[in-house]
Amino acid sequence: MKFPQKHTLKQIATILNCDYVGDDDFPVLGMNEIHVVEAGDIVFVDHPKYYDKALESAATVVLINKEVECPPQKALLISDDPFRDFNTLTNFFKPFEKATSLIAASAKIGEGTVIQPGAFVGNNVVIGKNCMIHSNVSIYDDCILGDNVTIHAGTVLGADAFYYKNRPEGFDKLLSGGRVVIENNVDLGALCTIDKGVTGDTLIKKGTKIDNQVHVGHDTVIGEKCLIASQVGIAGCVIIEDEVTIWGQVGIASAIIIGRKAVLLAQSGISKSLEANKTYFGYPAEEARKKYKELASIRQIPSIIEKLG
């Protein structure tokens, strides 16, 4: 998430009421999660296990809960609770804006687009040309849709990320300030849920077709011309490359990569990254031919035991 204008390290520290290491006027341009940070961004870290990863990331400002040696050309924000203060910044730069109508006055809707009765279009949404938005679709604030996009009834774009910190008093929610971006010629079935990024974008690229009741987690990127069948669940921060086919009821764990033109057969469970141009089946998913041979071998175990007996 980029800030509306450049801020200084001192200004950010004043918002958070925290100490800092670095020049007062050190430039701060935005905030992001570690997998999408760029120069000028703030990243937060609150566990020693991940200190090095954050300090060595592309982020030039690290919101951290211990004063450590500051890397060259970087700055630190010293906080007793970086998770809380990351939320403070999200609230400051991206506060919740209440809706006052079913279609916000600030929404931009392209020529030829049809929005059926009962659909909700939030603040600052952009919808391209010749789209079809069916009834009871909810498009939360700041979502971007390209041209020729079809969204069927009951689908939700832009709900919050499923991201919590376990505290003694209960689960503390990491606030979401990102967006959902849908490129041209994408079809979304009924009752799909596409969560927005925590600070960046959840992206579905051009030409992809998604069936009913599919869930896409925060900050996931789905490539061009993918086919995704019903009841697929995709966790956050997944990268699905171009022309991947995913059949029904597949589950995909977070932060993995599915290679280009991979095929994931129905009810497979994907717990690690998969190579391109192969077909996968089972849990944990492996190449389909190998998995089928394993299953065939397992079926022979009873007869083998009987012979041995």
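Within any chain, residue numbers begin from 1 and follow the written order of that chain's sequence. Where totals are concerned, whole chains, interfaces and linings use all residues; where local detail is concerned, this predicted model gives features only for residues with pLDDT of at least 70, and gives and counts side-chain atom pairs only at 80 or more. Hydrogens and waters are ignored; side-chain quantities use all the structure's heavy atoms.

Draft legend 1. Broad picture of the sheet that holds strand β22 (residues 209–210). Strand pairing is assigned whenever DSSP identifies at least 2 bridges connecting the two strands. Helical segments are the DSSP runs of H or I of at least four residues, strand segments are the runs of E of at least two, and each set is numbered from the N terminus. Ordered by their spatial adjacency, 10 strands build an open sheet running β8-β11-β14-β19-β22-β25-β28-β31-β33-β34, and the pairing between neighbours is mixed. With partners counted over all chains shown, the strands left at the sheet margins are β8 (114–115) and β34 (286–287), one partner each. Relative to strand β25 (residues 227–228), β22 is paired through two bridges, and the arrangement is parallel. Bridge assignment links Ile210 to a residue of β25, and that residue is Ile228.

Draft legend 2. The layout of surface pockets, seen in detail. With a 1 Å grid spanning the protein atoms alone, the term cavity applies to any set of points in which a 1.4 Å probe fits but cannot get out, the term pocket to an open set with protein on both sides within 12 Å along at least five of seven lines, and the term lining residue to any residue with an atom within 4 Å of a point. Grid points are joined across faces, edges and corners, and a volume is the space filled by probe spheres set on the points. In this structure, the largest pocket encloses a volume near 770 Å³. Residue lining of the largest pocket: 28 residues in total, with Glu33, Ile34, Phe44, Tyr50 and Tyr163 positioned closest to the centre. Within the residue set of the lining of the largest pocket, elements represented by two or more residues are β4 (41–45), α2 (51–55), α3 (82–93) and β16 (164–167). Top element by residues in the lining of the largest pocket is β4. It accounts for three residues. Here the nonpolar group is Ala, Val, Leu, Ile, Met, Phe, Trp, Tyr, Cys and Pro; Asp, Glu, Lys and Arg are the charged ones; every other residue, Gly included, is treated as polar. For the lining of the largest pocket, the residue count by class is 15 nonpolar, eight polar and five charged.

Draft legend 3. View of a nonpolar patch on the surface. Like-charged residues are merged into a patch within 9 Å and nonpolar side chains (Val, Leu, Ile, Met, Phe, Trp, Tyr) within 5 Å, provided each residue has over 30% relative accessible area and no salt bridge. Note on areas: these come from Shrake-Rupley sampling with a 1.4 Å probe, and a residue is covered only by the protein chains present in the view. A pair is scored as a salt bridge if a Lys or Arg side-chain nitrogen falls within 4 Å of a carboxyl oxygen belonging to Asp or Glu. A contiguous nonpolar surface patch, about 470 Å² in accessible area, is contributed by Tyr292, Leu295, Ile298, Ile301 and Ile305. Those elements that place two or more of their residues in the nonpolar patch are α4 (288–299) and α5 (301–308). With three residues, α4 is the largest single contributor of residues to the nonpolar patch. With respect to the helices and strands, Leu295 occurs in helix α4. A residue is classified by how much of its surface remains accessible, and Leu295, at 33% relative accessible area, is partly exposed. Relative accessibility thresholds used throughout: buried, under 20% of the residue-type maximum; exposed, over 50%; partly exposed, between the two (1.4 Å probe, protein chains only).

Draft legend 4. Seen up close, the sheet that holds strand β6 (residues 75–78). Strand order in the open sheet formed by six strands is β1-β3-β4-β5-β6-β2, with mixed pairing between adjacent strands. The open sheet has two edge strands with one neighbour each: β1 (2–8) and β2 (19–21). On average, each strand axis in the sheet is tilted by 30° relative to the strand beside it, whichever way the strands run. Alignment of strand β5 (residues 61–64) against β6, held across four bridges, turns out to be parallel. Across the sheet, residue Val61 finds its bridge partner in β6, namely Ala75. Every residue pair with non-hydrogen atoms within 4.5 Å of one another is taken to be in contact. For helices, the fitted line uses only the C-alpha atoms of the stretch in contact; every axis is such a line through C-alpha atoms, and the angle between N-to-C directions lies from 0 to 180 degrees. On the sheet, α3 packs against β1, β3 (27–31), β4 and β5 and is oriented at approximately 145° with respect to β4.

Draft legend 5. Main features of the side chain of Lys196. Tracing the chain through its elements places Lys196 in the loop between β20 (193–195) and β21 (201–204). On the basis of relative accessibility, which here comes to 14%, the residue Lys196 falls in the buried class. For Lys196, the contacting residues outside a window of four places in its chain are Gly158, Ala159, Asp160, Ala161, Ser176, Gly178, Arg179, Val180, Thr202, His218 and Asp219.

Honestly, that's just the spatial picture; any functional story needs more than this.
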